[in-house]
Amino acid sequence: MEASALGRRRRRGWRRAPAAGSPLTRAAVVLLLSAFVARATPSVGYLIRLPRSFHLTQDTVKIVGSSNFPVKVYVMLHQKSPHVLCVTPRLRNLEMIDPSFQWHGPRGKIISENSTAQVTSTGSLIFQNFEEGMSGVYTCFLEYKPTVEEIVKNLQLKYVIYAYREPHYYYQFTARYHAAPCNSIYNISFEKKLLQILSKLVLDLSCEVSLLKSECHRVKMQRAGLQNELFFTFSVSSLDTEKGPKPCTDHSCESSKRLSKAKNLIERFFNQQIEVLGRRAEPLPEIYYIEGTLQMVWINRCFPGYGMNTLKHPKCPECCVICSPGSYNPRDGTHCLQCNSSLAFGAKACV
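Quick caveat, the model's predicted, so the values are computed rather than measured. Residue numbering note: each chain is counted from 1, following its sequence as written. Reporting of local features is limited, given that this is a predicted model, to residues whose pLDDT is at least 70; pairs of side-chain atoms are given and counted only at 80 or more, and all residues count toward the totals for whole chains, interfaces and linings. By convention in this description, side-chain values take in all heavy atoms of the structure and omit both hydrogens and water.

## Observations regarding the overall build of the protein
Rules: Each helix is a run of DSSP H or I of at least 4 residues and each strand a run of E of at least 2, with the numbering of both proceeding from the N terminus. Exposure classes here rest on a 1.4 Å probe applied to the protein chains alone. A residue is buried below 20% of its type maximum, exposed above 50%, and partly exposed in between. Residue exposure ignores everything except the shown protein chains as possible cover, and the areas themselves are Shrake-Rupley values with a 1.4 Å probe.
When you go through the protein residue by residue, the secondary structure sums to 6 helices and 18 strands. Across the 351 residues of the protein, 46% fall into the buried class. By element, 53% of the accessible surface of the protein is carried by carbon and sulfur atoms, the whole surface being about 18700 Å².

## With respect to the packing of helix α4 (residues 185-202) against helix α6 (residues 256-278)
As a reminder, the rule being used: Only the stretch in contact is used when a helix axis is fitted, and all axes are lines through C-alpha atoms; the angle between N-to-C directions ranges over 0 to 180 degrees. Any angle that is under 35 degrees is reported as roughly parallel, and any over 145 degrees as roughly antiparallel; angles of 65 to 115 degrees are reported as roughly perpendicular and all others as oblique. Should the near helix be turned anticlockwise from the far one by less than a right angle, the crossing is left-handed, and should it be turned clockwise, the crossing is right-handed. Between two residues, a contact is recorded if the distance between any of their heavy atoms is within 4.5 Å. As a working rule, the residues Ala, Val, Leu, Ile, Met, Phe, Trp, Tyr, Cys and Pro are called nonpolar, Asp, Glu, Lys and Arg charged, and the rest polar, with Gly in that last group.
At a minimum axis distance of 9 Å, the contact between α4 and α6 shows a crossing angle of 135°. In this view, α4 runs oblique relative to α6, as classed from their interaxial angle. In terms of crossing hand, the pair formed by α4 and α6 is right-handed. Only Ala262, Leu265, Ile266, Phe269 and Phe270 of α6 make contact with α4, whose side of the interface consists of Leu194, Ile197, Leu198, Leu201 and Val202. When the residues that make up the contact of α4 with α6 are grouped by side-chain class, the tally is 10 nonpolar, no polar and no charged.

## Points about α4
For clarity, the threshold we go by: Here the expected span of a helix is defined as 1.5 Å times the quantity of residues minus one. Arc, as used here, means the arc of the directions from the helix axis to the C-beta atoms.
Taking 1.5 Å per residue as the helical rise, α4 with its 18 residues ought to reach 26 Å, and the 27 Å between its terminal C-alpha atoms agrees with that figure. Listing the buried residues of α4 in full gives Asn187, Phe190, Leu194, Ile197, Leu198, Leu201 and Val202. End-on, the buried residues of α4 take up no more than an arc of 120°, which puts them together on one face. Those residues of α4 that are exposed and aimed more than 90 degrees away from the buried face are Ile185, Lys192 and Lys200.

## A short note on the nonpolar core
To keep it simple, the criterion reads: Buried residues of nine kinds, namely Ala, Val, Leu, Ile, Met, Phe, Trp, Tyr and Cys, make up a nonpolar core once their side-chain atoms join them within 4.5 Å. Note that domain bounds follow an automatic or database assignment of domains.
Counting residues in hydrophobic clusters, the biggest one holds 43 residues, and the most contacted among them are Trp103, Leu125, Phe127, Tyr138, Leu142, Tyr159 and Ile161. Broken down by secondary-structure element, the contributors of at least two residues to this core are β3 (71-76), β5 (97-105), β7 (117-119), β8 (125-127), β9 (136-145), β10 (153-165) and β17 (320-322). Sorting elements by how many residues they give to this core places β10 first, with 8 residues. Counting the residues that make up this core, at least three belong to each of domain 1 (62-165) and domain 3 (302-350). Ignoring anything within four residues of it in the chain, the contact list for Phe127 reads Gln79, Lys80, Ser81, Thr116, Ala117, Met134, Tyr138 and Ile161. Residues Phe173, Phe190, Leu201 and Phe269 belong to the second largest nonpolar core, which totals 31 residues.

## Here's the deal with the side chain of Asn187
Note the cut-off: In the analysis that follows, any N or O atom pair within 3.5 Å is treated as a polar contact, provided that within protein one partner can donate a hydrogen and the other can accept it, and provided that, for residues neighboring in sequence, both atoms belong to side chains.
In this fold, Asn187 is placed in helix α4. A distance of 3.0 Å separates a polar side-chain atom of Asn187 from the backbone oxygen of Pro181.

## Remarks on the pattern of salt bridges
Worth spelling out the cut-off: The working definition used for a salt bridge is a side-chain nitrogen of Lys or Arg within 4 Å of a carboxyl oxygen of Asp or Glu.
For the structure on display, the rule yields 2 salt bridges. In this structure, Arg176 and Glu229 form a salt bridge, with 2.6 Å as the shortest nitrogen-oxygen distance. With a gap of 53 residues between them, Arg176 in strand β11 (residues 168-178) and Glu229 in strand β13 (residues 226-238) connect regions that are remote in the sequence. The same class applies to Arg176 and to Glu229, which are both buried.

## Focus: the side chain of Gln227
Tracing the sequence through the fold places Gln227 in strand β13. Accessibility expressed as a relative area gives 7% for Gln227, which makes it buried.

## What about the confidence of the model for the protein?
To be explicit about the condition: Per residue, pLDDT measures the predictor's confidence, with a range of 0 to 100.
For the protein, per-residue confidence averages 76 on the pLDDT scale, and residues scoring 70 or more make up 71% of the total. Within the protein, no element has a lower average pLDDT than strand β18 (residues 349-350), which sits at 34, and none a higher one than β9, at 95. Of the regions scoring below 50 in pLDDT, residues 35-60 engages in 60 contacts with residues more than four places distant in sequence or in other chains. Across residues 327-351 the pLDDT falls below 50, and counting only partners more than four positions away or on other chains, this stretch makes 51 contacts in the model.

## Regarding the environment of Cys319
Take Cys319: it is sitting in the loop between β16 (306-307) and β17. Classification of Cys319 as buried rests on a relative accessible area of 1%. Spatially, the C-alpha atoms of Cys319 and Pro167 are 7.2 Å apart, while their sequence positions differ by 152 residues.

## Things to note about the state of the cysteines
Where we set the bar: Defined by distance alone, a disulfide is two cysteine sulfur atoms within 2.5 Å.
On inspection of all chains with the given rule, the structure shows 4 disulfides. Each sulfur in the disulfide pair Cys86 and Cys140 lies 1.8 Å from the other. Between Cys86 and Cys140 the disulfide shows an S-S torsion of about -95°. By sign, it is left-handed. Of this pair, Cys86 sits in the loop between β4 (83-84) and α3 (89-92) while Cys140 sits in strand β9, placing them 54 residues apart in sequence. The two residues Cys86 and Cys140 agree in class, both being buried.

## Some points on the packing of aromatic side chains
The geometry of an aromatic ring pair comes down to the distance between the two centres and the angle between the two planes. Formally: Each pair of aromatic rings taken from Phe, Tyr and Trp, with Trp reduced to its six-membered ring, is defined by centres within 6.5 Å and is described as stacked if the planes are under 30 degrees apart, edge-to-face if over 60, and tilted in the remaining cases.
For the coordinates displayed, the defined rule picks out 16 aromatic pairs. Look at Tyr74 and Tyr162: their rings are 5.6 Å apart centre to centre, the planes differ by 15°, and that puts the pair in the stacked class. Placement of the pair is Tyr74 in strand β3 and Tyr162 in strand β10, with a sequence separation of 88 residues. What makes Tyr74 buried here is its relative accessible area of 9%.

## Remarks on unusual backbone geometry
The backbone phi angle of Asp98 is positive, close to 50°, even though this residue is not glycine. One non-glycine residue, Ser206, lies in positive phi territory at about 55°. Note that Ser206 resides in the loop between α4 and β12 (207-220).

Printed below as a string of structure tokens:
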């Protein structure tokens, strides 16, 4: 989890208490917030369906085996797999006479007519729509002759194929506002209006804003008196990953780019509040944003049954990989509940 303070200084001159709040100053707060919504028209972009740390190379498209150890393969849930070849790097560059390929998976022998898995004429294994229950150990039995005169040779190659999915990630913001007295109903009205504006700001990006915590406190200022402040904590998440563990099935579900745009819009919204307040000639409203108090935290979590483990999966360190391939039970839809990763609280972990 990485936190970044979006500003470190405060304009102490703005923290003076205005005159007793009049209906005019409170109405000005609503107008001040509402003025920012129409300033930014977001456009939605999309990302390639690979984790940020998963490097796209030729070996990502075609994966070869090893006669010494099982090769790990990562396939995004509900996506087409790379070509898993039934050869070693050495055999890939050699001729083979009368090769014969036979694949076996967690559910037994794989036939070429299978609707979910295909074995090509050259022995490559391809999954068209990878499901959780397909994770597990796959073995290819290869028979071939190096030359016409030589005897038949046998080779057994093992692969461990893991389903992975994009993490459930979201932004968590905190901000502070100069407030009315803590028992005032105007603070509650302001809170509702602020959430409405923030929600409308990110709605076109299929994101949502959720209030996590709102508290009013009396703060003793340095070399000054007491003032009331509202402490807001809210999250911005993608609707498609927030509402449950159902995976995305098309490119419209790419949420990282939309979340990034939503973050930028919210940052701009708070910066615009500072700009508008700086241009005001009249006294400040009773409730206003305190410059430099907006902070953002990026939270990255996996769904139950999935986890991140850089030691176990160094080639896919930011992938939410199924915890134990083969543990999925297709009869009742259950899978492992514990992840094989030990991570700091609030960072990358299972929920």
